Amino acid sequence: MAEAMRGTVASLLRGIDRYNPENLPTLERYVQMQAAENTYDIEANLAVLKLYQFNPGYFQTEIASLILLKALTNLPHTDFILCKCLIDTNRLNELPVSKILELSELLETCDFERFWAETRDDPDLISSIVGFEDSIRKFICHVVAATFQSIEMEKLQQVLGHVTPMVAAQWVNKYGWTTQSNGMIFVSNQEESIKTKNITEKITFDSVAAIMSSSR
Amino acid sequence: MWANAEMDADYDYVGYYGGGGGGGSGGGGGHDYDGSHTGDPRQDMEYERQFQSSYIVPEVIKNFLVFFQKSVNDQNLFEVQNCYENGFNKLTDRFFKNTPWPEADVIAPIVGNDGIFLILYKELYYRHVYARVQSGPSLEQRFESYYNYCNLFNYILNADGPVPLELPNQWLWDIIDEFIYQFQSFSQYRSKVSKKSEDEIEVLRTNPKIWNVHSVLNVLHSLVEKSNINRQLEIYASGGDPDSVSGEFGQNSLYKMLGYFSLIGLLRLHSLLGDYYQALKVLENIDFHKKNLYSRVPSCQITTFYYVGFAYMMMRRYQDAIRTFANILLYIQRTKQMFQNRAQLYDQITKNNDKMYTMLAICLVLHPMRIDESVHSHLREKYADKQLRMQKCDMAEFEQCFSFACPKFLSPVPPNFDMMTDTFHKEPFKLQLRVFLEEVAQQIQIPTIRSYLKLYTTLPIAKLAAFMEVTEEALRTQLMCFKHKMKNLVWTKGTSCLEGEFQSASEVDFYVDGNMIHIADTKVARRYGDFFIRQIHKFEEITRNLQQTAVAAK
């Protein structure tokens, strides 16, 4: 459904018609579809926030919250910042938006343990987004892959939200990581890519050729 | 409010602006706000009008205007440019340094009531009022200038074929630039409700369509569409001939350039509203990595890079921001002398230059990397203190730098005139500042961690935790944050500035293996080659010039 809407919505957003508030109901329905069907369209969502910015009377907290939560599912991309820049300060300070801002803060600072604790305390907040937790786990795996050469299994379970060893093993498989005999998870051989480099200047022949010919 | 949603294919511009009047040039008529104007200013206006009508236009001004008009009508681009860039400015300095030029009504008989020329004249007239006249534009002048732009754009956009008008690129850019500037200025003026009289507020309340954000967007979008500029740029980027898709209007240089400048105008407008995605999106067909036909107006080029760089900075694409700022700052460094005799342009470039250096300083604190040597040395000379304070987590310094360098953000909607607050006009700025500072706060530990990492090749987590005075657990979190924030989306190919892939090119990098941090410190040697090659070329040029003068002297 949402995928089928993508084309229709894209045509609504072409040219000056993008600022037509009469399109809002369609676009808002599209946001709800994205939440229910685990799809994502940042451009359409930003267009909704822009219409709210131009017509503050139409602002719907519920839709804005969905958009912000969806933006979190697209981490490590900075979509959340883009959304935040379009929402009035007053709105940002209201619940549940302010709560979502806190979640974003925890994810951005990689404080995953507290993030999972917060979502456990308030499960309703994220329940409207299908596949929310797994999207976040994908982001966490991205950070783990960037940071570690090897990591304790226990630690990995922790950052993924205290998941069972079974679930953690699935993520390990998904990214092609391996379990070592000492119980550590080997992520990747970082030595290959992260090493001390000395970059010295190289001057190409072409850049000197012109001088040589002119100073003959 | 969306009364104009039912626009057919060929938009009805006049209707859209709600500028009264029926015909193509009627926008200026029927100002319903006249009746409700305040007592005092009206008397002032009355006085001014009397003064103006008895004001005798000096002969030299008369001659200039007649010649200017003739050049415009002859489509003599060279002379028009000369009148625009030199004549007008020289006469301004001589006769109208801080006072307005004669009103259009007064000069109308001199130029034989030439409608188009009078519109162009008023464009210059109001721009001068905004820039130089001490009291600034009155509410009435703001409205009049708006109507004048409507008339100009109506004339250009409503024609059946390309209009017989040719203006220098610089002027076309200035028209778009000024149009947005006046919109920005009006939005800010409108938002500051506290100092206004009841009558003024009433005028604002009853004229919601004047300088409305939709009208401004509509003009820019219409110019983009009329010129087919996006298709043209697409073909150009892929190596084809833009004329093959430009169409009747797009082939005409007036439309083509206005279309291109409108894209840059949209970049600026979206940035002012905090919509950085859309700001970069409108540029998706422009290839900045290739010199193009359109890059010949320096102020346009500088504006473009300023807003692109700023958008990147807000999107945490520091590497792209740094590349963008460094490029244009180098360009300014090399071309600045060219503008020395054009005071206003020179001032504007200098101001932008300082703003961009400040943002470059911010970005380099957050994402240290090697940049062009000459830009770097200027930065070290002028911004070392600021950078040091930011490195030491001084949030106030970040705030100061951001406030100085950021664009003048604005609200697209009028304030609630019934519930006035003194802070309404500051809200858009405060929001962007907040987003920026929250981002900085999230990564404020990174410079400290980096300063320790630099000293080692391997370092146990426990040891670094002790240095940082945090638990090992907390340090692991901070290390992950370091990696996350330093992995930026970086542009690699294609024309769209939004595309990119994740890279980390920061000077200090590391990975964690069990309980040990392994550090890689990338050292980039200084580059001298470029500098020497440039100097040799310069030297060659001097010798050549000397030889030529020597020959000529004989």
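Residues numbered from 1 in each chain as written. Chains lettered and ligands numbered in written order. Predicted model: local features only at pLDDT ≥ 70, side-chain atom pairs only at ≥ 80, totals over all residues. Heavy atoms only, no water.

(A) Main features of the overall build of chain A. Looking only at helices and strands, one finds 14 helices and four strands in chain A. Viewed in the frame of its principal axes, chain A has a C-alpha envelope of about 70 × 65 × 35 Å. Counting every position in chain A, which comprises 216 residues, the buried fraction comes to 54%. In chain A, once contacts between residues fewer than 6 apart in sequence are set aside, the share between residues at least 24 apart is 65%. (Helix = DSSP H or I, 4+ residues; strand = E, 2+ residues; numbered from the N terminus. Buried < 20%, exposed > 50% of the residue type's maximum accessible area, 1.4 Å probe, protein only. Contact = heavy atoms within 4.5 Å.)

(B) Representation of the overall build of chain B. When helices and strands are counted, chain B shows 24 helices and six strands. Residues counted as buried form 54% of the 554 residues belonging to chain B. A separation of at least 24 residues holds for 72% of the contacts in chain B among residues at least 6 apart in sequence.

(C) Quick look at the pattern of salt bridges. This model, assessed by the stated rule, comprises 28 salt bridges over all chains. For Glu-439 of chain B, the salt bridge identified is with Arg-316 of chain B, shortest N-O distance 3.1 Å. Taken together, the positions of Glu-439 of chain B in helix α20 (residues 427-442) and Arg-316 of chain B in the loop between α15 (298-314) and α16 (318-335) put the pair 123 residues apart, joining distant regions of the chain. Linked by salt bridges that have partners in common, Arg-18 and Glu-43 of chain A together with Lys-281 and Glu-284 of chain B make up one network. (Salt bridge = Lys/Arg side-chain N within 4 Å of Asp/Glu carboxyl O.)

(D) Examining the packing of helix α11 (residues 229-237) of chain B against helix α12 (residues 243-251) of chain B more closely. All names here are of chain B. Two elements in contact, α11 and α12, have axes whose closest approach is 8 Å; the angle formed by their N-to-C orientations is 150 degrees. In terms of axis orientation, α11 runs roughly antiparallel to α12. Along this stretch, α11 crosses α12, giving a crossing that reads as left-handed. Facing α11, whose interface residues are Arg-231, Gln-232 and Ile-235, α12 presents Ser-244, Val-245, Ser-246 and Gly-250. Across the contact of α11 with α12, the residue classes break down as two nonpolar, four polar and one charged. (Axes fitted to C-alpha atoms, helices over the stretch in contact; angles between N-to-C directions. Parallel < 35°, antiparallel > 145°, perpendicular 65-115°, else oblique. Left-handed = near helix turned anticlockwise from the far one by under 90°. Nonpolar A, V, L, I, M, F, W, Y, C, P; charged D, E, K, R; others polar.)

(E) Broad picture of the sheet that holds strand β3 (residues 184-186) of chain A. The strand order across the open sheet formed by six strands is β2(A)-β3(A)-β1(A)-β4(B)-β5(B)-β1(B), and the pairing between neighbours is mixed. If you trace the sheet from one side to the other, it starts and ends with β2 (178-179) of chain A together with β1 (458-460) of chain B, each paired once. Sheet topology places strand β4 (residues 508-513) of chain B next to strand β5 (residues 516-521) of chain B; six bridges connect them, and they run antiparallel. Opposite Tyr-511 of chain B, over in β5 of chain B, you have His-518 of chain B as the bridge partner. Sheet strands in contact with helix α10 (residues 132-147) of chain A are β1 (148-152) of chain A together with β4 of chain B, and its direction is about 115 degrees off that of β1 of chain A. (Pairing = 2+ DSSP bridges.)

(F) The arrangement of a nonpolar patch on the surface in detail. Taken together, the side chains of Tyr-528, Phe-531, Phe-532 and Ile-536 of chain B make up a nonpolar region of the molecular surface, amounting to roughly 410 Å² of accessible area. Inspection of the secondary structure assignment puts Tyr-528 of chain B in the loop between β6 (523-524) and α24 (529-553). (Patch = residues over 30% accessible without salt bridge, like charges linked within 9 Å, V, L, I, M, F, W, Y side chains within 5 Å. Areas by Shrake-Rupley, 256 points an atom, 1.4 Å probe, with all protein chains shown as cover.)

(G) Local environment of the UniProt feature "domain: PCI" (unreviewed entry) in chain A. The residues that UniProt annotates with the feature "domain: PCI" (unreviewed entry) are residues 40-202 of chain A. Secondary structure content for residues 40-202 of chain A is 61% helix and 7% strand, and the end C-alpha separation is 45 Å. (UniProt positions renumbered as here; feature names shortened; annotations may be inferred.)

(H) Molecular detail of the environment of Arg-231 of chain B. Structurally, Arg-231 of chain B can be placed in helix α11. For Arg-231 of chain B, a relative accessible area of 38% translates into the label partly exposed.

(I) Local environment of the environment of Lys-122 of chain B. Mapped onto the elements, Lys-122 of chain B comes out in helix α6 (residues 115-132). Look past the residues within four positions of Lys-122 of chain B in its chain and what remains in contact with it is Ala-104 and Asn-148 of chain B.

(J) View of helix α2 (residues 24-37) of chain A. All names here are of chain A. Compared with the 20 Å implied by 1.5 Å per residue over 14 residues, the 20 Å span of α2 between its first and last C-alpha is a close match. Restricting attention to buried positions, one finds in α2 the residues Leu-24, Leu-27, Glu-28, Tyr-30, Val-31, Met-33, Gln-34 and Ala-35. Residues of α2 that are buried make contact with α1 (2-12), α3 (42-54) and α4 (61-73). Two residues or fewer after α2 comes Asn-38, characterised by a positive phi angle close to 55 degrees. (Expected span 1.5 Å × (residues − 1).)

(K) Highlighting empty space enclosed by the protein. If you walk through the whole model with that rule in mind, you get three cavities of 30 Å³ or more. Space inside the second largest cavity adds up to approximately 70 Å³. Taken together, Phe-80, Ile-81, Lys-84, Ser-104 and Glu-108 of chain A together with Val-435, Glu-438, Glu-439 and Gln-442 of chain B make up the full set of residues lining the second largest cavity. Those elements that place two or more of their residues in the lining of the second largest cavity are α5 (79-84) and α7 (97-108) of chain A together with α20 of chain B. It is α20 of chain B that contributes the most residues to the lining of the second largest cavity, four residues altogether. (1 Å grid on protein atoms, 1.4 Å probe; cavity = no way out; pocket = protein on both sides within 12 Å on 5 of 7 lines; lining within 4 Å. Points joined across faces, edges and corners; volume = space filled by probe spheres on them.)

(L) Structural detail: the interface of chain B and chain A. On the chain A side, the residues contacting the 66 residues of chain B number 63 residues. With both chains or domains summed, chain B and chain A bury close to 5,700 Å², and 61% of this area falls on carbon and sulfur atoms. The interface formed by chain B and chain A holds seven salt bridges in total. Residue Lys-485 of chain B pairs with Glu-108 of chain A through a salt bridge whose shortest N-O separation is 2.6 Å. For the side of chain B that touches chain A, the secondary-structure elements that each account for two or more residues are α10 (213-227), α14 (276-281), α20, α23 (472-486), β4, β5, β6 and α24 of chain B. By residue number, the principal contributor to the side of chain B that touches chain A is α23 of chain B, which donates nine residues. (Buried area = accessible area lost by both parts, 1.4 Å probe.)

(M) How the structure looks around α7 of chain A. Residue and element names in this part refer to chain A. Here α7 contains 12 residues, and its C-alpha end-to-end distance of 16 Å stays within 8% of the 16 Å for a straight helix at 1.5 Å per residue. In terms of residue burial, α7 counts as a mostly covered element, since 10 of its 12 residues are buried. Residues of α7 that are buried: Val-97, Ser-98, Lys-99, Ile-100, Leu-101, Leu-103, Ser-104, Leu-106, Leu-107 and Glu-108. Positive phi shows up at Cys-110, right after α7, with a value of about 60 degrees.

(N) A look at the pairing of β4 of chain B. The buried fraction of β4 of chain B amounts to five of the six residues, a majority that puts the element mostly inside the structure. Taken together, the two bridges between β1 of chain A and β4 of chain B define a ladder with parallel strand orientation. Bridge assignment links Phe-148 of chain A to a residue of β4 of chain B, and that residue is Val-512 of chain B. Linkage of β4 of chain B to β5 of chain B, two consecutive antiparallel strands, is achieved through a turn of two residues, within which Gly-514 of chain B is found at a positive phi near 60 degrees.

(O) Structural detail: the pairing of β1 of chain A. Residue and element names in this part refer to chain A. Counting buried positions along β1 yields four of five residues, so the element is predominantly enclosed. As paired elements, β1 and β3 share three bridges and run antiparallel to each other. Along β3, the bridge assignment pairs Ser-150 with Phe-186.

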